[in-house]
Amino acid sequence: MSRAEAVRPAAPALATEGFARWGWTAASIILLLLLGGLVRFLDTNVATWFPKVAWLKSVEFPVYAIAVGLVGGVVLGALGLRDRLSAAFRTEFLIKTGLVLLGASINLAIIARAAGPAFVQSVVLISSVFLLSWWVGGRFGLDPKLRAVLSAAVSICGVSAAIAAAGAVAARKEQLVYVTSLVILFALPSIFIQPWLAQQLGLSHVVAGAWIGGNIDTTAAVTAAGTIVGDDALKIAAIVKQTQNALMGVVAVLLTAYFVFRVERVEGVSVGLGALWQRFPKFILGFIGASALATLFINASADTKGAGDIVATAGTNLRIWFFILAFVCIGLEFRPADVREAGVRPVAVFAVATIGNLVLALLLALLLFSNFHLS
Amino acid sequence: MTHGQVVAETEAPEASTPPQAGGWRINEDWAATVVGLILVVLVLVGIIGKGIIP
């Protein structure tokens, strides 16, 4: 027997391993669909079970989805099955597919009109909150790489920005895990608190959407909070958030340059602009493409109202399913142990930056979106 | 290759695809775009009708 043959695992063992992996993946997909079905069932029936409890009627599906996910995560964790069954827990993929579908229900002209104020809001928010977080992180004595990852996460779009920034500054894996745990720790309560605050402040749905899109870090949490406020809020929140997402590549390139030239002071280095495209969130193209397709379809139809109904009904139901599955995944993937390991100082920095973000995003939303109308 | 290019192009993970051991290798941005647009087209041409999605 050659050395290579001795080292290579036996074919039957590989086949068994492959079958097992596919089996766990299939089980994971089935579990996720069952939990999604449970959410749909609860969303439809809970309010009818308790007709005297008036506030239950205003509970939207993201609340049930995250609650079901959290309970499911605890049960799977207790049974030691969470990692094996995690193949289908793809929050990012599910939420982005749902957002592409959301694009179909927004007229392209609205996206074009909202893009201007959304861009201004994003540029002001990202630079201000990033610098605030960077400064506070310095006062708390955080490592520069952790400061960079944390500042990108809190100022742009949570986990995706943290990953992009971690790559840009070559941060350690533990630093990335710390920050992504913090993002989820802060995003979960924001999903419920910010819609409530928007209601208490008497904000219009458009302004509330712009505030939510500008403040909450993860795209999934923005979508959940926007859904709780209402359909108009969701549309504006999605446009604002995706404008921020689109700027992620610019921040990543600037961070790379800053760390290479100022922090690490490496000689003879160039930063490739190809990184801009590499870090651009491509699903935004799908969002705009879906809007263009649906707008063309409706405008070209003889029965404009009928065509609009098709998109509104079938498209919305489909999108809601993707959002339900994504929100269930948020709950399933939440790990309190990761958050505990993050320590106090990064939590304090994140909290200060989040409060700054909350206030500034509200001011900008009022300033830029008070006179914006969807129709 | 310079250090900057190494940082920017090699060590940087895909912006929107969290690294997961044993996970799918597909870029989730492109996957979401393709799946989403296919579903939109299916809705527009009527294959996914009003009554199909519960």
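Residues numbered from 1 in each chain as written. Chains lettered and ligands numbered in written order. Predicted model: local features only at pLDDT ≥ 70, side-chain atom pairs only at ≥ 80, totals over all residues. Heavy atoms only, no water.

Peer 1: Help me understand the overall build of chain A, please; the structure alone is not making it clear to me.
Peer 2: When its secondary structure is counted, chain A shows 17 helices and zero strands. Based on the C-alpha atoms only, the size of chain A along its principal axes is roughly 70 × 55 × 45 Å. Residues counted as buried form 54% of the 375 residues belonging to chain A. Contacts in chain A between residues far apart in sequence, at least 24 positions, make up 80% of those at least 6 positions apart. Of the roughly 16,300 Å² that chain A leaves accessible, carbon and sulfur atoms contribute 68%. (Helix = DSSP H or I, 4+ residues; strand = E, 2+ residues; numbered from the N terminus. Buried < 20%, exposed > 50% of the residue type's maximum accessible area, 1.4 Å probe, protein only. Contact = heavy atoms within 4.5 Å. Areas by Shrake-Rupley, 256 points an atom, 1.4 Å probe, with all protein chains shown as cover.)

Peer 1: Could you clarify how one ought to interpret the overall build of chain B in this entry?
Peer 2: Per the secondary structure count, chain B includes two helices and zero strands. Working note: accessible area of chain B is about 2,900 Å², and carbon and sulfur atoms make up 68% of it.

Peer 1: So what exactly am I meant to see when it comes to the confidence of the model for chain A here?
Peer 2: Caution applies to low-pLDDT regions: their predicted coordinates should not be interpreted in detail. With 91% of its residues at a pLDDT of 70 or more, chain A has an overall mean of 85. Mean pLDDT across the secondary structure elements of chain A bottoms out at helix α1 (residues 3-7) of chain A, with 53, and peaks at helix α9 (residues 205-215) of chain A, with 95. (pLDDT = per-residue confidence, 0-100.)

Peer 1: Help me out: how do you make sense of helix α2 (residues 28-44) of chain B in this one?
Peer 2: Because each turn of an α-helix spans 3.6 residues, side chains separated by three or four positions in sequence point in the same direction. Taking 1.5 Å per residue as the helical rise, α2(B) with its 17 residues ought to reach 24 Å, and the 24 Å between its terminal C-alpha atoms agrees with that figure. Next to the buried residues of α2(B) lie α4 (91-104), α14 (283-300) and α15 (304-333) of chain A. Put simply, B:N27 is the residue that caps the front of α2(B), since its side-chain oxygen is 2.8 Å from the backbone nitrogen of B:D29. In the segment just after α2(B), B:G46 is the residue with positive phi, at about 90°. (Expected span 1.5 Å × (residues − 1). Polar contact = N/O pair within 3.5 Å; in protein donor to acceptor, adjacent residues only side chain to side chain.)

Peer 1: It is not clear to me how the nonpolar core should be interpreted in this structure. Could you clarify?
Peer 2: Buried together is how nonpolar side chains tend to be arranged in soluble globular proteins. Residue and element names in this part refer to chain A. Counting 134 residues, the largest nonpolar core has L255, F327 and F369 as the members making the most contacts within it. The element best represented in this core is α15, accounting for 16 residues. Residues within four places of F369 in sequence aside, it is in contact with A114, P117, A118, Q121, V206, V207, A210, I236, V240 and L364. (Core = buried A, V, L, I, M, F, W, Y, C linked by side-chain atoms within 4.5 Å.)

Peer 1: Explanation requested: a nonpolar patch on the surface in the structure shown.
Peer 2: There is a patch of nonpolar side chains on the surface, built from A:L38, A:F41, A:W49 and A:F50 and spanning about 410 Å² of accessible area. Residue A:F50 is classed as partly exposed on the basis of its relative accessible area of 44%. (Patch = residues over 30% accessible without salt bridge, like charges linked within 9 Å, V, L, I, M, F, W, Y side chains within 5 Å. Salt bridge = Lys/Arg side-chain N within 4 Å of Asp/Glu carboxyl O.)

Peer 1: Teacher, can you tell me more about the side chain of A:T97 here?
Peer 2: Locating A:T97 in the fold gives a position in helix α4. The residues touching A:T97, leaving out its near neighbours within four places in the chain, are A:F322, B:A32, B:V35, B:G36 and B:L39.

Peer 1: Sorry, what's going on with the pattern of salt bridges here?
Peer 2: A side chain of one charge can pair with a side chain of the opposite charge when the charged atoms of the two come close. Scanning the entire structure with this criterion turns up five salt bridges over all chains. Measuring nitrogen to oxygen at the nearest pair gives 2.7 Å for the salt bridge that ties B:E28 to A:R90. Here B:E28, found in helix α2, pairs with A:R90, found in the loop between α3 (61-79) and α4, and the two come from separate chains. Exposure class is identical for B:E28 and A:R90. Each is buried.

Peer 1: Sorry if this is basic, but what is going on with the packing of α4(A) against helix α10 (residues 219-229) of chain A here?
Peer 2: All names here are of chain A. In contact at an axis separation of 9 Å, α4 and α10 are set at 50° when each is read in the N-to-C sense. In terms of axis orientation, α4 runs oblique to α10. Of the two possible hands of crossing, α4 and α10 adopt the one that is left-handed. The segment α4 lies against α10, with T91, I95 and L99 engaging T219, A220 and T223. Classifying every residue of the contact of α4 with α10 by side-chain character gives three nonpolar, three polar and no charged. (Axes fitted to C-alpha atoms, helices over the stretch in contact; angles between N-to-C directions. Parallel < 35°, antiparallel > 145°, perpendicular 65-115°, else oblique. Left-handed = near helix turned anticlockwise from the far one by under 90°. Nonpolar A, V, L, I, M, F, W, Y, C, P; charged D, E, K, R; others polar.)

Peer 1: Any chance you could explain the environment of A:G315 here in plain terms?
Peer 2: Among the secondary structure elements, A:G315 is positioned in helix α15. What makes A:G315 buried here is its relative accessible area of 11%. In contact with A:G315, not counting residues within four places along its chain, are A:I310 and B:V43.

Peer 1: Where do I start with the environment of A:V39 in this structure?
Peer 2: Residues and elements named next belong to chain A. Summarising the element assignment, V39 is placed in helix α2 (residues 11-49). Distance from V39 to F140, taken between C-alpha atoms, is 42 Å for residues 101 residues apart in sequence. With residues near it in sequence (within four places) discarded, V39 still touches F61, Y64, A65, V68, I324 and V328.

Peer 1: Any chance you could explain the packing of aromatic side chains here in plain terms?
Peer 2: Two numbers describe a pair of aromatic rings. These are the distance of the centres and the angle of the planes. All names here are of chain A. A complete count under the given rule lists six aromatic pairs over all chains for this structure. Each ring, one from F130 and one from W134, has its centre 6.3 Å from the other, and the planes form 10°; the classification is stacked. Placement of the pair is F130 and W134 together in helix α5 (residues 108-139), with a separation of four residues, close to one helical turn. With respect to class, F130 is no different from W134; both count as buried. Over the face of the ring belonging to F372 we find R113, whose NZ or CZ atom lies 4.9 Å from the ring centre. Of note, R147 hangs over the ring of W134, and the distance from its end group to the ring centre comes to 4.0 Å. (Phe/Tyr/Trp six-rings, centres within 6.5 Å; stacked < 30°, edge-to-face > 60°. Lys NZ or Arg CZ within 6 Å of the ring centre and 35° of its normal.)

Peer 1: Sorry, what's going on with the packing of helix α8 (residues 173-200) of chain A against α9(A) here?
Peer 2: The description of two helices packed together rests on the angle between their axes and the distance between the axes. All names here are of chain A. With their axes 10 Å apart at the nearest point, α8 and α9 run at an angle of 145° to one another. Every pair of crossing elements has a handedness; the one defined by α8 and α9 is right-handed. Here Q194, L197 and A198 of α8 come into contact with α9, specifically with A208, W211, I212 and N215. Looking at the contact of α8 with α9, its residues break down into five nonpolar, two polar and no charged.

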